[in-house]
Amino acid sequence: MDEDVEEPKDFVKITHNRLSADEVSQLVTSPSCGAVSLFIGTTRNTFEGKKVVRLEYESYIPMAEMEIKKIFADVRQQWLHVKHLAVHHRLGLVPVSEASVVIAVSSPHRSDSLDAVKYCINKLKATVPIWKKEVYEEESYKWKENKECFWKNQDEV
Amino acid sequence: MDEDVEEPKDFVKITHNRLSADEVSQLVTSPSCGAVSLFIGTTRNTFEGKKVVRLEYESYIPMAEMEIKKIFADVRQQWLHVKHLAVHHRLGLVPVSEASVVIAVSSPHRSDSLDAVKYCINKLKATVPIWKKEVYEEESYKWKENKECFWKNQDEV
Amino acid sequence: MSCEVLVLYFAKSSELAGVRSETLTVSTEITSQQLWDQIVRSHPSLSAIQDQVVLAVRQEYVAIGDELLILNTGDEIAVIPPISGG
Amino acid sequence: MSCEVLVLYFAKSSELAGVRSETLTVSTEITSQQLWDQIVRSHPSLSAIQDQVVLAVRQEYVAIGDELLILNTGDEIAVIPPISGG
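Cut-offs applied
- Residues numbered from 1 in each chain as written.
- Chains lettered and ligands numbered in written order.
- Predicted model: local features only at pLDDT ≥ 70, side-chain atom pairs only at ≥ 80, totals over all residues.
- Heavy atoms only, no water.
- Helix = DSSP H or I, 4+ residues; strand = E, 2+ residues; numbered from the N terminus.
- Rg over C-alpha atoms; globule rule 2.2 N^0.38 Å.
- Buried < 20%, exposed > 50% of the residue type's maximum accessible area, 1.4 Å probe, protein only.
- Contact = heavy atoms within 4.5 Å.
- Areas by Shrake-Rupley, 256 points an atom, 1.4 Å probe, with all protein chains shown as cover.
- Least-squares fit on C-alpha atoms with pLDDT ≥ 70 in both.
- Pairing = 2+ DSSP bridges.
- Axes fitted to C-alpha atoms, helices over the stretch in contact; angles between N-to-C directions.
- Salt bridge = Lys/Arg side-chain N within 4 Å of Asp/Glu carboxyl O.

A short note on the overall build of chain C
Next, step 1: The secondary structure content of chain C amounts to 2 helices and 7 strands.
Next, step 2: Helices (α) and strands (β) of chain C occur, in sequence order from the N terminus, as β-α-β-β-α-β-β-β-β.
Next, step 3: Against the 2.2 N^0.38 benchmark of 12 Å for 86 residues, chain C shows a C-alpha radius of gyration of 12 Å, consistent with a compact globule.
Next, step 4: If one aligns the C-alpha atoms of chain C with their principal axes, the spans along those axes are about 35 × 20 × 20 Å.
Next, step 5: Taken across its 86 residues, chain C has 55% of its residues classed as buried.
Next, step 6: When contacts within chain C are restricted to residue pairs at least 6 apart in sequence, those whose partners lie at least 24 apart make up 58%.
Next, step 7: On chain C, roughly 3,800 Å² of surface is accessible, and the fraction owed to carbon and sulfur atoms is 45%.

This is the structure we're talking about:
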C-alpha cells in the first residue's frame, strides 16, 4: 500500500462505556506510520486530601464533538504529517483508576504524534464542554474546573 | 489509599510475544495518578520507496534491560512526580503495523508523563542495544541505524 | 420581534436553575449580556456563577458582553459553567 | 597475563563474523583499540564496520580508543553495531 493513498481519518466518540487504549490505538494505526502516541486521563483517588469515591462526567455532546473536531483541524494545520486522530471521552460514572479520556495520534515519525497528543489534551481541557463532578467520601461533591478552561483566564473570550 | 504509600515501580520486558497497549498502560495505572502517556512504535510498510515485507528485531537482552533501567533512573531524576514506568520491546519477526515497542509513564499531572515518555523513546533509540533488520520485497534487507544512536553522532563516546 | 429559543443548562448551572432545558421567549436582536440577564431573571440563583460562565449560541461559544446576537426560533442556547473534561 | 573472554556479535557484526559468540584469549590489560584490533584479526571482514561500532565490556559501552581495560576470564565483551531499536 502506498503511503499517500490512505486518507487521514478523525475519530470522535463520547460514550458511557468503558474506554480501551488498545481500541483507540488500533483506530489510528496505519501501515505508513511508525508512531502512535496516546494520552490516557484516569480518575484520581484524592483531591486536596479528600478521598474521592467516584466521578461523574456530563457533556454538551454535539458541541463537544464539534469542539474536538476543531482541535483536530488545528492539529492538521500545525502538524502536516499527522495521519489519524482519535478522542474517546467517557461520560457518567467513572470508577477511580479507570480512563475518562483516551487520545491517540499516529504519524510516520514520532515527534509529530508526541507533540500533537500533548496539544490535543491541553486544548481539550480548555475548550470542550465536558464537566466532571467529584464525589467525596463524606458525600459532599464539587464540580471541577480545568485551569485551562479558556474563559477562566481572560477578561474577554 | 494515600498517594504517598504506593512505591514507584519500573517494568521492563523484552519479549518475542505480541505487545498490548492495554497491558502496558494497566501496569503503570495508579489511583494517585491522573495521567498515563504511552508511545507505541509500529513497523512501517515502506522505506525509501521500497516495500517492507517484514521486520526482525534482535537484542543484547541483559544489557538492553540495564540500559532501559538507566533511562528510568534518568527520568526519575528529571521528573520527580513520575510514578510508574514501563517499557515492553518485542523481538523476532514483527509484521507491518504491529507494535515493536510500547512505553508507558504515569504521573499525577499530565505534563510529567507526556514529557517523560518522549524522553524515554528518544533515549531508547540512542542507547539501548536492539537492532532492526528490514526485509524488502525483493528479499534484500538492511540493518537499520537510528540517527539517535549515540556513537554515530560524535567522535568519541 | 421575538422568538422562542431552547436554553440548555449543564453541571452547576443546571443544579442552580433546577432544570436541564427549557424554552425561553427572547428578542431576535439581543446582546449576549441582555440574554444572560434575562436567563438570570428566570433563575435568580444563577447570579452566583455569573462571573464564571459563558454562553453557547448554536453550539458556538459567546462571551457575555456587548456582542449582538441575531436569534431565530429553535436556536439552541447553552449556559456553560467552567469545564472540567479530560 | 592473559585471560579468556566471551565475545558476542550482534546484527551486522554477527553476519560479518559468521558467529554469534566465541571465546577469545586476550591480555588482561589491553586498550579497547587493541582489543578491537585483535577481534578484527580473527574476523577480517569486520574491518568493514570499524568506524561504526562500539564495544560493550561487562555490559557497559566502551568506545574503541585509548581506554585501558582490565579484563578477567569470563568477562563478556560485545561488538555493537549501530542500534535501531524502538
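Topic: the arrangement of the chains
Next, step 1: For this structure, the chain pair with the highest number of contacts among 3 pairs of chains in contact is chains A and B.
Next, step 2: Across all C-alpha pairs, the smallest distance from chain B to chain C is 9 Å, and the two are not in contact.
Next, step 3: Separated in space, chain C and chain D share no contact, their closest pair of C-alpha atoms being 29 Å apart.

Things to note about the relation of the copies chain B and chain A
Next, step 1: Between the two copies, chain B and chain A, the superposition gives an RMSD of 0.0 Å; the rotation angle is 180° and the shift along the axis is 0.0 Å. Such a combination of turn and shift is consistent with a two-fold rotation axis.
Next, step 2: Interface overlap between copies: 100% of the residues of chain B at the interface are likewise at the interface in chain A, consistent with a symmetric, same-surface contact.

Examining the sheet that holds strand 5 (residues 85-90) of chain B
Next, step 1: Taken together, 8 strands build an open sheet; the order of strands is 1(A)-5(A)-7(A)-2(A)-2(B)-7(B)-5(B)-1(B) and the sheet is mixed. Unpaired on one side and paired on the other, strand 1 (10-15) of chain A together with strand 1 (10-15) of chain B mark the two borders of the sheet. Strand after strand, the sheet turns through a mean of 5° between neighbouring axes, direction not considered.
Next, step 2: Pairing analysis gives 8 bridges linking strand 2 (residues 35-42) of chain B to strand 7 (residues 99-107) of chain B, with the strands arranged antiparallel. Considered in strand 7 of chain B, the bridge of A35(B) is made with S107(B).

Quick word on the interface of chain B and chain A
Interfaces are often sized by the accessible area lost when the parts come together.
Next, step 1: Listed per partner, the contact involves 38 residues of chain B and 38 residues of chain A.
Next, step 2: On inspection of chain B and its partner chain A, the count reaches 4 salt bridges.
Next, step 3: Of all the elements in the fold, those that place two or more residues in the side of chain B that touches chain A are helix 1 (21-28), strand 2 and helix 3 (110-127) of chain B.
Next, step 4: Note that strand 2 (residues 35-42) of chain A and strand 2 of chain B share 7 bridges and pair antiparallel. Paired with L38(A) across the strands is L38(B), a residue of strand 2 of chain B.

What about the pattern of salt bridges?
All names here are of chain A.
Next, step 1: Inspection of the entire model under this criterion finds 31 salt bridges over all chains.
Next, step 2: Of the charged contacts, one joins R76 and D10 as a salt bridge, the two residues approaching to 2.7 Å between their closest N and O atoms. Taken together, the residues R76 in helix 2 (residues 61-78) and D10 in strand 1 connect sequence positions 66 residues apart.
Next, step 3: Accessibility expressed as a relative area gives 22% for R76, which makes it partly exposed.

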